[in-house]
Amino acid sequence: MDTASLGAMIYPTKTALILLYELAEWQKVNVSAFLTGGLMHGYPEMAGEPYKDNDDNFYLAMIREPVFVYGADSQTIRRTFERARSRGMAFSIYTRPLFATSNDADNRASVAATPAAELDIVGLGLHGERKLVDKIVNGLKFLA
């Protein structure tokens, strides 16, 4: 990719997912989908335009910009969670107990029953002004 193309990809906002390293691969994919869905609900401007192929078949829009996926241990996810909260950012979370629930109502009830300091966070979804997100994820490494 040439430098001009890379420059065209710079957006004023940034989307980042932070996933617990120790999750099973299927859990990482599942958590990513849930977090991204939460972000799209909270930030509808993240959606791009619908797609259409050359045969006039239409497809749903996807996120308009790249999503950066970071890995972290539980202490680092907690630190990142607190950074986002202290900056007043709206973000999505996924906690370990949600793997044992089977619907949105039970998911919300599980989180509602747990004080913020006791949430067993395994994933975070962030979207916001690029510099703010960069400060929140500072020091994290991309998920390998």
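It should be noted that the structure appears before, not after, this text.
The rules behind the values
- Residues numbered from 1 in each chain as written.
- Predicted model: local features only at pLDDT ≥ 70, side-chain atom pairs only at ≥ 80, totals over all residues.
- Heavy atoms only, no water.
- Helix = DSSP H or I, 4+ residues; strand = E, 2+ residues; numbered from the N terminus.
- Buried < 20%, exposed > 50% of the residue type's maximum accessible area, 1.4 Å probe, protein only.
- Contact = heavy atoms within 4.5 Å.
- Areas by Shrake-Rupley, 256 points an atom, 1.4 Å probe, with all protein chains shown as cover.
- Lys, Arg positive; Asp, Glu negative; His and termini not counted.
- Charge placed at Lys NZ, Arg CZ, Asp CG, Glu CD.
- Expected span 1.5 Å × (residues − 1).
- Arc of directions from axis to C-beta.
- Core = buried A, V, L, I, M, F, W, Y, C linked by side-chain atoms within 4.5 Å.
- Pairing = 2+ DSSP bridges.
- Axes fitted to C-alpha atoms, helices over the stretch in contact; angles between N-to-C directions.
- Polar contact = N/O pair within 3.5 Å; in protein donor to acceptor, adjacent residues only side chain to side chain.

Here we look at the overall build of the protein chain
Of the regular secondary structure elements, the protein chain holds five helices and seven strands. Each helix and strand of the protein chain, placed in order from N terminus to C terminus, yields the pattern α-β-α-β-β-β-α-β-α-β-α-β. Looking at the 144 residues of the protein chain, the share that counts as buried comes to 33%. Expressed as a percentage of contacts within the protein chain between residues at least 6 apart in sequence, the contacts between residues at least 24 apart total 75%. Entry remark: accessible area of the protein chain is about 8700 Å², with carbon and sulfur atoms responsible for 57%. Positive and negative side-chain charges in the protein chain, numbering 15 and 17 respectively, have mean positions lying 10 Å apart.

A closer look at helix α2 (residues 25-42)
Counted at 1.5 Å a residue, the expected span for α2 with its 18 residues is 26 Å, and the 26 Å between its end C-alpha atoms agrees. If you check which residues of α2 are buried, you get Gln27, Lys28, Val31, Ser32, Leu35, Thr36 and Leu39. Projected onto a plane normal to the axis of α2, the buried residues spread over an arc of 155° and lie on a single side. Exposed side chains of α2 directed beyond 90 degrees from the buried face belong to Trp26, Val29, Ala33 and His41.

Re the nonpolar core
Core analysis: the biggest nonpolar cluster contains 28 residues, and Ile18, Val31, Ile77, Leu126 and Val137 have the highest contact counts within it. For this core, the secondary structure elements donating two or more residues are β1 (13-20), α2, β4 (67-72), α3 (74-86), β6 (121-129) and α5 (130-136). The biggest single contributor to this core is β1, with five residues.

As for the sheet that holds strand β7 (residues 141-142)
Read across the sheet, five strands follow the order β5-β6-β1-β4-β7 without closing on themselves; strand pairing throughout is mixed. The two strands at the open ends of the sheet, each matched to only one other strand, are β5 (92-95) and β7. In this structure, β4 lies alongside β7, joined through two bridges in antiparallel fashion. The residue bridging Tyr70 from the neighbouring strand is Phe142, located in β7. Strand contacts of α3: β1, β4, β5 and β6, with the helix running at about 35° to β6, the strand carrying the most contacts.

Re the environment of His41
Structurally, His41 is set in helix α2. The exposed category is assigned to His41, whose relative accessible area is 71%. Taking the C-alpha atoms as reference, His41 lies 19 Å from Phe81; in sequence the two are 40 residues apart.

A closer look at the side chain of Thr13
Of note, Thr13 is situated in strand β1. Polar side-chain contacts of Thr13 include one of 3.5 Å to the side chain of Arg64. Separated by 2.7 Å, the side chains of Thr13 and Glu65 make a polar contact. Not counting residues up to four positions away in its chain, the partners in contact with Thr13 are Arg64, Glu65, His127, Gly128, Glu129 and Arg130.

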